[in-house]
Amino acid sequence: MSARPHGFRSSLRTWAEETGQPFEVAETALGHVIGNAVERAYQRSDLIEKRRPFMASWADHVTGKATSSVVKLNEARS
C-alpha cells in the first residue's frame, strides 16, 4: 500500500488565503476555472510569472524552509 497525501490541495488553498496570496494565482495554480464565461473569454494569461514565486513560497512552506512552523509527518510505513 502506498501513502497518499489527502488534503494537500486544500492545504495549499488555505495557506494561500492565510498568507494573502492573490486569489486568481492560487486558483490558477490549482487548476480551478474562475469567473464566468465572459471573464474567461478575455482572460488569456496562465499567470505563469506570478505562479513561479507563489509555488516557490509554497515549496518553502511545506519543506520547512519558510519561517512558518510545519509539523513533519513520519515516513509512510510499508
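Our subject is the structure listed above.
The structure presented is a predicted model; accordingly, all values stated were derived computationally and were not measured.

(A) Representation of the layout of surface pockets in the model. Roughly 210 Å³ of volume is contained in the second largest pocket. Of all the secondary structure elements, the ones that give two or more residues to the lining of the second largest pocket are helix H2 (23–29) and helix H3 (37–42). Sorting elements by how many residues they give to the lining of the second largest pocket places H2 first, with three residues. In terms of residue class, the lining of the second largest pocket is built from four nonpolar, five polar and three charged.

(B) Highlighting the packing of aromatic side chains. In this structure the tally under the stated criterion is three aromatic pairs. Centroid distance Trp15 to Trp58: 5.3 Å. Interplanar angle 55°. Geometry classified as tilted. Of this pair, Trp15 sits in helix H1 (residues 8–18) while Trp58 sits in helix H4 (residues 48–63), placing them 43 residues apart in sequence. Trp58 carries the same exposure label as Trp15, and that label is buried. Members of the aromatic cluster, joined through ring pairs, are Phe8, Trp15, Phe54 and Trp58.

(C) Here's a closer look at H1. Within the span of H1, buried status applies to Leu12, Arg13, Trp15 and Ala16. The buried residues of H1 occupy an angular sector of 160° when projected down its axis, which confines them to one face. Exposed side chains of H1 directed beyond 90 degrees from the buried face belong to Glu17 and Glu18. Looking at the buried positions of H1, the neighbouring elements they touch are H2 and H4. Just downstream of H1 lies Gly20, where phi reads positive at about 75°.

Conventions adopted
- Residues numbered from 1 in each chain as written.
- Predicted model: local features only at pLDDT ≥ 70, side-chain atom pairs only at ≥ 80, totals over all residues.
- Heavy atoms only, no water.
- 1 Å grid on protein atoms, 1.4 Å probe; cavity = no way out; pocket = protein on both sides within 12 Å on 5 of 7 lines; lining within 4 Å.
- Points joined across faces, edges and corners; volume = space filled by probe spheres on them.
- Helix = DSSP H or I, 4+ residues; strand = E, 2+ residues; numbered from the N terminus.
- Nonpolar A, V, L, I, M, F, W, Y, C, P; charged D, E, K, R; others polar.
- Phe/Tyr/Trp six-rings, centres within 6.5 Å; stacked < 30°, edge-to-face > 60°.
- Buried < 20%, exposed > 50% of the residue type's maximum accessible area, 1.4 Å probe, protein only.
- Arc of directions from axis to C-beta.
- Contact = heavy atoms within 4.5 Å.

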